[in-house]
Amino acid sequence: MTELSIGNTELLTWFERDRAHVELRNKLDDSTVVEWWDGDVAEAIEDGSLDPRQFHSTAYAYADVCGLLPDVEEQ
């Protein structure tokens, strides 16, 4: 078993007026690894957890540091 790799994740974003959503998703089973909504998106950007120029890699790094990455079978 090994941790989910960044290549097996995808980033979904949605922004509309005062709404915001950033989600890191496991492509192997379509489950959510970590997500932020509305004010939490702005707070994560402000505290450096998310970089809007690199949402995917910084969301993955956040999930890794917080122990949120699931274990998957080695391929």
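Worth saying up front: this structure is predicted, and the values here are computed from it rather than measured.

K.L.:
Go over the overall build of the protein with me, naming the residues and quoting the values.
P.N.:
In terms of helices and strands, the protein carries two helices and five strands. Along the protein, helices and strands appear, N-terminal first, in the series β-β-β-β-α-α-β. For the protein, whose C-alpha radius of gyration is 12 Å, the value lies close to the compact-globule estimate of 11 Å for 75 residues. In terms of overall dimensions, the protein has C-alpha extents of about 40 × 20 × 15 Å along its principal axes. Split into buried and exposed, the 75 residues of the protein put 32% on the buried side. Carbon and sulfur atoms make up 45% of the accessible area of the protein, which amounts to about 4,900 Å² in all. In the protein, 5 positive and 18 negative side-chain charges are present, and the distance between their average locations comes to 10 Å.

K.L.:
Please provide a residue-by-residue account of the sheet that holds strand β4 (residues 31-37), values included.
P.N.:
Ordered by their spatial adjacency, three strands build an open sheet running β2-β3-β4, and the pairing between neighbours is antiparallel. Because the sheet does not close on itself, it has two edges, and the strands there are β2 (9-16) and β4. Strand-to-strand twist of the sheet, defined as the mean angle between neighbouring strand axes without regard to direction, takes the value 15°. As defined by bridge partners, β2 adjoins strand β3 (residues 19-26) across eight bridges and the pair is classed as antiparallel.

K.L.:
Quick rundown of the environment of phenylalanine 55? Include the residues and the values.
P.N.:
You can see phenylalanine 55 is positioned in helix α2 (residues 55-65). Since its relative accessible area comes to 12%, phenylalanine 55 is described here as buried. The spacing of phenylalanine 55 and glutamate 23 is 32 residues in sequence and 9.3 Å in space, taken between C-alpha atoms. Setting aside residues no more than four positions away along its own chain, phenylalanine 55 makes contact with Leu11, Thr13, Phe15, Val22, Ile45 and Leu50.

Rules of the game
Residues numbered from 1 in each chain as written. Predicted model: local features only at pLDDT ≥ 70, side-chain atom pairs only at ≥ 80, totals over all residues. Heavy atoms only, no water. Helix = DSSP H or I, 4+ residues; strand = E, 2+ residues; numbered from the N terminus. Rg over C-alpha atoms; globule rule 2.2 N^0.38 Å. Buried < 20%, exposed > 50% of the residue type's maximum accessible area, 1.4 Å probe, protein only. Areas by Shrake-Rupley, 256 points an atom, 1.4 Å probe, with all protein chains shown as cover. Lys, Arg positive; Asp, Glu negative; His and termini not counted. Charge placed at Lys NZ, Arg CZ, Asp CG, Glu CD. Pairing = 2+ DSSP bridges. Axes fitted to C-alpha atoms, helices over the stretch in contact; angles between N-to-C directions. Contact = heavy atoms within 4.5 Å.

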